[in-house]
Amino acid sequence: MRFLPAPAAALVAIAASLALAPLAQAAGTPADALAPTGRWSANARGQAPTPPMGWNSWNAFGPAIDETKLMASAQALVDTGLAAKGYRYVDIDDGWWLKRRMPDGRMLVRTAMFPSAATPDGATSLRPLTDRLHAMGLKAGIYSDIGRNSCSQVFGGADAPNLPEGTQAEREVGLYGHIEQDIALYFQEWKFDLIKVDGCGIRGLGPDNPRVKAGLYRPLGPVIDFDELPRTDIAEVRRLYGAVADALARTRPAGDYVFSLCLWGSANVRAWGKDLGNMSRTSEDISPTWPRMLHNLDTTARRALYAHPGSWNDPDMLFIGKGEFDAAHMTEARSHLALWAIENAPLLIGMDLREANADQIALLGWQAAIAINQDPAGNQAVLAHDSAEVQIYVKTLADGTKAVALFNRSAAPTHATLTAAHLKMTGEIATTDLWTGKASRFANETTVPLAPHETVLLKVAGARRLPDGIYLSEMPGSVNPAVDGVVQPQPDPQVHLGLSPWNDTRGTGEHPRYGGWGGAAVDTGPYGQELQAGHEKLDTGIGILAGSRLELRNAGHARFTARVGVDDAAWGNSGAVTFLVYGDGRLLARSAPLRAGAALVPISADVHGVGLIELVARPAQASAAPDPVVWGEAALRN
């Protein structure tokens, strides 16, 4: 394995492959990542057409989970009506295992905590548990790690409950070296429906770890350096998770499973997690504090193009019921749910439902918010206004209406002015407050007061600004940055650096760490700048880097139109850039080569009958720092 930074020559080679002409590849020539494939490459395996919903044991119980607590939570989902509203997955997190039996490697369940798992031959089985959950109309989820050891083993104290027992080999309960065996056990024999796969075992057990030095665990890597992308072997991390994805597909060929990647935003998972799993963690663990919620939200907020039906951004579980989201902080709790709903985050309850009061159950069962989250179009909300105090999120729904979240991030009362331009609508606009039910109308703009930490969730209807079609910026769930042009991943500086409760103020604090700076963006450039080319500013479009290929699903539209150019923020590293439009693998349109400073150029293509459109921005010269380019006013038209 390689844990050192990629040498500069390797980066140049990668960049060069993106600048190759779309010709047949000669032997030994690098594959052309920009050549059209005619197929959608974001994950379509598994069963997550909408974000998964349910309950997970970790926030409430940590590794001290047992059968009584689990089944009580499952029963509460049914008895409160939450299951009927979509909360169906019941997920066992870390702490269920006893050890890995030797020499055959079979996983054994801690029957003292899960008595129904006891079998006469001592092999243990969680099948009785999953059978009970299935009989209740629920789904069952299980937890593992991509390494040899779990998170509680790596980061828990020596007195953490339910740590695996036995010899060094018996304590190796993770998937590493046992992927096929464990996936077959969990999904064929035990009949689980979801697996969450953590990455602690390839992050925290390097040769200098005290527990490794003491002989408690074997060293592995570290393959991931959470704080430094160049010290992470991104290709190896992707290979390991890809092996799990393939094993799941072989074990459940009907696709009746959910694969949850839990890499906390490390290893540049932003760029590839969407291609392997059904949900992918974008951040470090959430905790029940307002700043930490902001931190986790920000790791998803500008990634609308990296989430689609079948593959969702996951900012971690709901922490409603604890800390600053408890019964005394219902404004904050409602904001938490509203934001997770409009961002298409999986809605996984983290509280002990035995302690939930009526107001908390009503909030978790907020049907209008759930409907926004579960909308079949699968468009994550985009930021129509972004600031450190107030944000406006807009999401296009399948019926043509839009959901809007007006979010006060601050602890002071303020207001948000919502405009027709934010909504890409014209004329009179009708709004409904989805919490109070209050209906109103406005033209041009309306001002909404916001209490400290309040989120007002609206549904709006009105005439589209584009009457004969839809902007790509309104349909991010149908746009996939198959190649986003990022050659050397860089940490994203736009994430709120919330105080981490596990470190307090020890050390120098958190620093930008999540790869994604320069990725594809909606209505802004890839570095957060306004879209502008040829000295003309645009308020809608896709900003991306040269050396990129976007996949666009077309559901019956006849024309694709855009105005394209090199963003005025470019340094000229990519030389002239040619914009190409492909339909089902065939070239439909291309621009002349365009340089920085040139005026925007219209491009259009007849896409009648085309299922997949691919938009390529091909640079004339390779660069490790590609220039930003603009697919301005990109739209599908009738």
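Heads up: the structure comes first, above all this text.
Residues numbered from 1 in each chain as written. Predicted model: local features only at pLDDT ≥ 70, side-chain atom pairs only at ≥ 80, totals over all residues. Heavy atoms only, no water.

Draft legend 1. Here's a closer look at the packing of aromatic side chains. Within the structure shown, the criterion is met by 16 aromatic pairs. Considering the side-chain rings of Phe226 and Trp264, the 5.8 Å spacing of their centres and the 75° angle between planes classify their relative orientation as edge-to-face. Of this pair, Phe226 sits in the loop between helix H7 (210-213) and helix H8 (234-251) while Trp264 sits in the loop between strand E7 (258-262) and helix H9 (269-276); the two residues are 38 residues apart in sequence, bridging distant segments of the chain. Aromatic rings pair up to connect Trp96, Trp97, Tyr143, Tyr186 and Trp190 into one cluster. The aromatic ring of Phe226 is capped on one face by Arg203, whose charged end is 4.3 Å from the ring centroid. A cation over a ring is seen here: Arg553 above Trp40, with NZ or CZ 4.1 Å from the ring centre. (Phe/Tyr/Trp six-rings, centres within 6.5 Å; stacked < 30°, edge-to-face > 60°. Helix = DSSP H or I, 4+ residues; strand = E, 2+ residues; numbered from the N terminus. Lys NZ or Arg CZ within 6 Å of the ring centre and 35° of its normal.)

Draft legend 2. Structural context of the pairing of strand E20 (residues 479-483). Among the five residues that make up E20, four are buried, leaving the element largely enclosed by the rest of the structure. Pairing of E20 with strand E25 (residues 548-553) involves four bridges; the strand directions are antiparallel. Residue pairing in the sheet places Val479 in a bridge with Leu552 of E25. (Buried < 20%, exposed > 50% of the residue type's maximum accessible area, 1.4 Å probe, protein only. Pairing = 2+ DSSP bridges.)

Draft legend 3. Layout of the state of the cysteines. For the coordinates displayed, the defined rule picks out one disulfide. The disulfide partner of Cys151 is Cys200, and the S-S distance across this bridge is 1.8 Å. Because the sign of the S-S torsion sets the handedness, a value of about 80° for the bond joining Cys151 and Cys200 places this disulfide among the right-handed ones. Placement of the pair is Cys151 in helix H5 (residues 151-155) and Cys200 in the loop between strand E6 (194-198) and H7, with a sequence separation of 49 residues. (Disulfide = S-S within 2.5 Å.)

Draft legend 4. Layout of the sheet that holds strand E9 (residues 312-314). Pairing is parallel across the open sheet formed by eight strands, whose spatial order is E9-E8-E7-E6-E5-E2-E1-E10. Lying at the two open borders of the sheet, with one neighbouring strand each, are E9 and strand E10 (347-349). For this sheet, the mean angle separating the axes of adjacent strands, direction not counted, is 25°. Of the strand pairs in this sheet, strand E5 (residues 139-145) and E6 are connected by five bridges, and their pairing is parallel. Note that in E6 the partner of Ser144 across the bridge is Val197. (Axes fitted to C-alpha atoms, helices over the stretch in contact; angles between N-to-C directions.)

Draft legend 5. Here's a closer look at unusual backbone geometry. The linkage connecting Met102 with the following residue, Pro103, adopts the cis geometry, with an omega of 10°. In this structure, Pro103 sits in the loop between strand E3 (97-100) and strand E4 (107-109). Across the junction of Gly221 and Pro222, the peptide omega takes the value 10°, indicating a cis bond. Tracing the backbone through its elements, the reader meets Pro222 in the loop between H7 and H8. Positioned with a positive phi, Thr124 is a non-glycine residue whose angle comes to about 60°. Residue placement: Thr124 occurs in the loop between E4 and helix H4 (127-135). Assessed through its relative accessible area of 7%, Thr124 is described here as buried.

Draft legend 6. Structural view of the environment of Ala338. The topology assignment puts Ala338 in helix H11 (residues 330-342). Looking at Ala338, the relative accessible area reads 0%, which means it is buried. Beyond its immediate sequence surroundings of up to four residues, Ala338 is in contact with Trp366, Thr455 and Leu457. (Contact = heavy atoms within 4.5 Å.)

Draft legend 7. Helix H3 (residues 67-79), seen in detail. Counted at 1.5 Å a residue, the expected span for H3 with its 13 residues is 18 Å, and the 18 Å between its end C-alpha atoms agrees. Within H3 the residues assigned to the buried category are Glu67, Lys69, Leu70, Met71, Ser73, Ala74, Ala76 and Leu77. Buried positions along H3 lie against strand E1 (53-56), helix H2 (58-61), strand E2 (89-91), H4 and E10. Between the side-chain oxygen at the start of H3 and the backbone nitrogen of Thr68 there is a gap of 3.1 Å, and the oxygen is on Asp66. Residue Gly81 follows H3 closely and has a positive phi angle near 85°. (Expected span 1.5 Å × (residues − 1). Polar contact = N/O pair within 3.5 Å; in protein donor to acceptor, adjacent residues only side chain to side chain.)

Draft legend 8. Region of the structure containing the environment of Val173. Tracing the backbone shows Val173 in the loop between H5 and helix H6 (179-189). Its relative accessible area of 0% is what places Val173 among the buried residues. Sequence separation of Val173 and Asn149 is 24 residues, and the distance between their C-alpha atoms is 5.7 Å. Sequence-distant contacts of Val173, that is, excluding residues within four places in its chain, are made with Trp97, Lys99, Arg100, Met107, Ser144, Arg148, Ser150, Gln153, Pro164 and Asp182.

Draft legend 9. Looking closely at the pattern of salt bridges. Under the definition given, this model contains 40 salt bridges. Between Asp246 and Arg45 there is a salt bridge, with its nearest N and O atoms 3.0 Å apart. In this pair, Asp246 is assigned in helix H8 and Arg45 in the loop between helix H1 (8-18) and E1, connecting sequence segments 201 residues apart. Linking Arg637 and Asp468 is a salt bridge whose minimum nitrogen-to-oxygen distance equals 3.0 Å. One end of the pair, Arg637, is in strand E31 (residues 628-637); the other, Asp468, is in the loop between strand E18 (455-464) and strand E19 (469-471), and 169 residues separate them in sequence. Judged by its relative accessible area of 19%, Arg637 falls in the buried class. Several salt bridges converge on common partners, so that one network encompasses Asp227, Arg292, Glu510 and Arg513. (Salt bridge = Lys/Arg side-chain N within 4 Å of Asp/Glu carboxyl O.)

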